[in-house]
Amino acid sequence: MLKHLSAFTFLLLMINTATFAQSGRKPVPATKASSANKTAPANNKRPAKLRSSWGLFLSDTLPKSQVVKLLDSALVVRDEKNHLYPVLSFAFTYEQHQPYLNDTTGQPGIYKDYTGDNFKTSRLPALWSTRLKESLQQGDVLYFDDILIEYVPDKLYRAPSLRITVK
């Protein structure tokens, strides 16, 4: 019995030391000398900071007259060095606010209706632009999401989203 107990203790001790030995290893970070030897071209790196805008405006609250002027404008994406990148596609969502009177409480409320689509250009199509010019009201919100740009040929990146609120 003592022979089995000592064999079992020895086995547990060996498993325990093997576990500690494996968990003590850490990956060695690359040094500057080894990373300098890599010959990856600089244009394969992701742009440091991208900035999306609609016309000249970043995400903002704008008066209705200014938003109506922007409806025919294209989305623009730039990096921190002010280089322009072509916008390939984006997802657009229009949040329309309509006031209503609640029948049960008698209190006024706001009904939100969402309409949107995905576009393979850098600007809203003419049909969307004319419809928005007719229906745009104070409090409505325009969302430009999933903005895809071509950084270099065969490299696509997602640019930051935009949110324009009509005041």
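Residues numbered from 1 in each chain as written. Predicted model: local features only at pLDDT ≥ 70, side-chain atom pairs only at ≥ 80, totals over all residues. Heavy atoms only, no water.

### Focus on the side chain of Ser129
Inference 1: The residue Ser129 is located in helix α4 (residues 126–135) in this model.
Inference 2: For Ser129, a relative accessible area of 1% corresponds to the buried category.
Inference 3: With residues up to four places along the chain from it excluded, the contact list for Ser129 reads Leu71 and Asp72. (Helix = DSSP H or I, 4+ residues; strand = E, 2+ residues; numbered from the N terminus. Buried < 20%, exposed > 50% of the residue type's maximum accessible area, 1.4 Å probe, protein only. Contact = heavy atoms within 4.5 Å.)

### Quick look at the sheet that holds strand β3 (residues 75–79)
Inference 1: Strand order in the open sheet formed by three strands is β1-β3-β4, and the pairing between neighbours is antiparallel. Looking at strand neighbours, the two that pair on one side only are β1 (50–54) and β4 (84–85), the edges of this open sheet.
Inference 2: Alignment of β1 against β3, held across five bridges, turns out to be antiparallel. Counted as the bridge partner of Arg51 is Arg78 from β3. (Pairing = 2+ DSSP bridges.)

### Concerning α4
Inference 1: Within the sequence span of α4, burial applies to Trp128, Ser129 and Leu132. Down the axis, α4 shows its buried residues gathered within 100° of arc, on one side only. Facing away from the buried side of α4, by more than 90 degrees, are the exposed residues Ala126, Leu127, Arg131 and Glu134.
Inference 2: For α4, the secondary structure elements touched by its buried residues are β5 (87–101), β6 (108–119) and β7 (141–152). (Arc of directions from axis to C-beta.)

### Description of the nonpolar core
Inference 1: Grouped together as the largest cluster of nonpolar side chains are 29 residues, with contacts concentrated most on Trp54, Phe92, Leu124, Leu142 and Phe144.
Inference 2: Elements that contribute at least two residues to this core include exactly β1, α3 (64–70), β3, β5, α4, β7, β8 (155–159) and β9 (162–166).
Inference 3: Considering each element in turn, this core owes the most residues, six residues, to β7.
Inference 4: The residues touching Trp54, leaving out its near neighbours within four places in the chain, are Val67, Leu70, Leu71, Ser73, Ala74, Leu75, Leu124, Leu142, Phe144, Leu162 and Ile164. (Core = buried A, V, L, I, M, F, W, Y, C linked by side-chain atoms within 4.5 Å.)

### Examining the pairing of β7
Along any regular strand the residues' side chains alternate between the sheet's two faces.
Inference 1: Bridge count for β5 against β7 is seven bridges, and the pairing is antiparallel. Looking at the pairing, Glu95 lines up with Val141 of β7.
Inference 2: Note that β7 and β9 share four bridges and pair antiparallel. By the bridge assignment, Val141 is partnered in β9 with Thr165.
Inference 3: Where β7 meets β8, five bridges bridge the pair, whose relative direction is antiparallel. Residue Val152 lies in a different strand from β8, and its bridge partner there is Lys155.
Inference 4: Counted along the chain from β7 to the antiparallel partner β8, the turn is two residues long, and its residue Asp154 has a positive phi close to 70°.

### Quick look at the side chain of Gln96
Inference 1: Summarising the element assignment, Gln96 is placed in strand β5.
Inference 2: With sequence-adjacent residues up to four places away left out, Gln96 is seen in contact with Tyr111, Lys112, Asp113, Ser135 and Asp140.

### Quick notes on the packing of aromatic side chains
Think of a pair of aromatic rings as described by two things: how far the centres are apart, and how the planes are tilted against each other in angle.
Inference 1: Inspection of every chain in the model, using the stated rule, returns eight aromatic pairs.
Inference 2: Plain terms: the ring middles of Tyr85 and Tyr151 are 5.2 Å apart, the flat faces sit at 40° to each other, and that makes the pair tilted. In this pair, Tyr85 is assigned in strand β4 and Tyr151 in strand β7, connecting sequence segments 66 residues apart.
Inference 3: Assessed through its relative accessible area of 18%, Tyr151 is described here as buried.
Inference 4: Ring centres 5.5 Å apart and planes at 50° place the aromatic pair Phe90 and Phe119 in the tilted group. Of this pair, Phe90 sits in strand β5 while Phe119 sits in strand β6, and the two are 29 residues apart along the sequence. For the pair Phe90 and Phe119, a shared accessibility class is recorded, and that class is buried.
Inference 5: Put simply, the rings of Trp54, Phe90, Phe92, Phe119, Trp128 and Phe144 touch in pairs and so form one group of aromatic residues. (Phe/Tyr/Trp six-rings, centres within 6.5 Å; stacked < 30°, edge-to-face > 60°.)

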